[in-house]
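# Report on the structure
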Amino acid sequence: MRKGSILMAMVLVAVLVVYTVQPVQGQEFSHRACRVPGDVNIPICAFSFGYVAESQFDKYGESAFLEVDANWAFAYFWNVLAGGNVDLNARYTSIMFMDSAGLNLPGQAAILALNAGWTRHYADGTELQVRIVPGIYPDIGEIDFDVLLMPVSCVVVKPLMRGLSGIGGLEVRPAFEMKVMPIIGVRWLISDSMRLDACIPESRFVYLVDSRWRGYAGFDWRNTSFDLRGKIPDEREQITVEDFRLYGGVAYRTSEQVQFAAELGTAFGRSVQFDEKAGGMDDNVDVDPQIFVRFGVSSGF
């Protein structure tokens with residue numbers, strides 16, 4: 001775990017809190033894979049497409065990214081397993097490298113997984129959630145079912161006062177470069193049309209304009225490892241893609257079931273890390289900051 005990454009994330013969350021604690025609760029489009037308890041109106045189906053402009057990979061070369069996220073919430077069970085609620089989601093995420101950038105990057109790194117959660121609600125308003133995300137994290141063109149990874153997270157949401165809750169937990173990720181991802185922050189329902197989630201690894205401020213339009217701003221810290229065994233012609237077996245993102249977006253609800261969203265932001269603090277050096281190439285390569293755009297649609301069908 002890189003201490004610099006955690007420090008940067010904490011600073012950015014603090015900045016977001018300072019600029020949003022001033023005088024609306026709404027559910028914006030979200031591409032989060034791991035959500036904290038208390039999220040409501042999660043769409044049954046969600047799809048997004050993103051593009052990160054061409055960036056310089058240190059002294060090596062350049063490449064742009066294409067990103068695809070898809071989520072299908074296909075089952076929900078109430079009051080099972082010691083009185084908790086269980087949700088089951090199929091998740092697909094893909095990062096497509098448009099060029100090798102002189103690093104022999106894989107053509108595509110992907111996640112194909114089941115995202116399953118158990119949430120228990122207590123009388124005092126406390127919520128406990130446990131999530132597991134078993135799946136494969138390979139180049140989707142050469143799926144290897146022998147490599148199964150299973151990140152596990154546990155999060156507690158505790159009411160502090162009316163409209164304000166504290167969030168704390170951890171995601172444990174065996175076989176990833178970053179073994180433990182902290183989950184910590186606060187959720188503040190400022191008014192009927194304004195909400196702030198100031199958290200690590202994701203923060204978001206939402207403003208509900210009316211029944212159809214909403215705006216939002218956010219911060220993401222992303223760190224994901226992918227399996228490379230058999231995917232590139234050298235001895236490297238894993239690549240980790242990390243960045244921080246600041247963005248703003250708008251969402252428009254065309255009906256009770258369908259919502260479209262668009263985001264514009266900047267990705268910075270970026271790097272690609274390999275499990276070891278190969279062919280004279282470094283194992284940790286910084287990537288220049290760059291802008292990104294994302295478009296998404298979610299549906300309650």
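Quick note: structure is the one above.
Now for a quick tour of the structure. (Residues numbered from 1 in each chain as written. Predicted model: local features only at pLDDT ≥ 70, side-chain atom pairs only at ≥ 80, totals over all residues. Heavy atoms only, no water.)

## Looking at the environment of Asn85
Tracing the chain through its elements places Asn85 in strand β3 (residues 84-97). Residue class for Asn85 comes out buried when judged on its relative accessible area of 12%. Note: C-alpha distance between Asn85 and His121 (36 residues apart in sequence) is 8.6 Å. Among all residues touching Asn85, those that are not within four sequence positions of it are Tyr76, Phe77, Trp78, Asn79, Gly117, Trp118, Thr119 and His121. Reaching out from Asn85, the side chain makes a polar contact with the backbone nitrogen of Asn79 at a distance of 3.0 Å. (Helix = DSSP H or I, 4+ residues; strand = E, 2+ residues; numbered from the N terminus. Buried < 20%, exposed > 50% of the residue type's maximum accessible area, 1.4 Å probe, protein only. Contact = heavy atoms within 4.5 Å. Polar contact = N/O pair within 3.5 Å; in protein donor to acceptor, adjacent residues only side chain to side chain.)

## Some thoughts on the packing of aromatic side chains
In the structure shown here, the tally under the stated rule is 11 aromatic pairs. Aromatic pair Tyr137 and Phe176: ring centres 5.4 Å apart, planes at 80 degrees, arrangement edge-to-face. Of this pair, Tyr137 sits in the loop between β6 (135-136) and β7 (152-161) while Phe176 sits in the loop between β8 (164-172) and β9 (180-191), and the two are 39 residues apart along the sequence. Pairing Tyr247 with Phe292 gives two aromatic rings, centres 6.5 Å apart and planes at 65 degrees, and the pair type is edge-to-face. Here Phe292 lies in strand β16 (residues 290-299) and Tyr247 lies in strand β13 (residues 238-253), a separation of 45 residues in the sequence. Both residues of the pair, Tyr247 and Phe292, belong to the buried class. Following the ring pairs from residue to residue traces out a cluster consisting of Phe219, Trp221, Phe244 and Phe268. Lying over the aromatic face of Phe65, Arg270 brings its terminal NZ or CZ to 5.2 Å of the ring centre. (Phe/Tyr/Trp six-rings, centres within 6.5 Å; stacked < 30°, edge-to-face > 60°. Lys NZ or Arg CZ within 6 Å of the ring centre and 35° of its normal.)

## A look at the pattern of salt bridges
Under the counting rule described, the total for this entry stands at 11 salt bridges. We note a salt bridge from Asp124 to Lys158, for which the minimum N-O separation is 2.9 Å. With Asp124 in the loop between β4 (108-121) and β5 (127-132) and Lys158 in strand β7, the pair connects residues that are 34 residues apart, well separated along the chain. When its relative accessible area of 38% is taken as the criterion, Lys158 is described as partly exposed. (Salt bridge = Lys/Arg side-chain N within 4 Å of Asp/Glu carboxyl O.)

## Digging into the side chain of Ser153
Turning to its location among the elements, Ser153 is positioned in strand β7. Among the residues examined, Ser153 registers a relative accessible area of 5% and is labelled buried. Every residue in contact with Ser153, bar those within four places of it in the chain, is listed here: Gln129, Val130, Arg131, Leu170, Glu171 and Ile183.

## A short note on the pairing of β5
Looking at chain direction, β4 and β5 are connected through six bridges and run antiparallel. Looking at the pairing, Gly117 lines up with Arg131 of β5. Following β4, the chain reverses through five residues before pairing antiparallel with β5; Gly125 in that reversal takes a positive phi of roughly 95 degrees. Two elements, β5 and β7, share six bridges in a ladder whose sense is antiparallel. What sits directly across from Arg131, in β7, is Ser153. (Pairing = 2+ DSSP bridges.)

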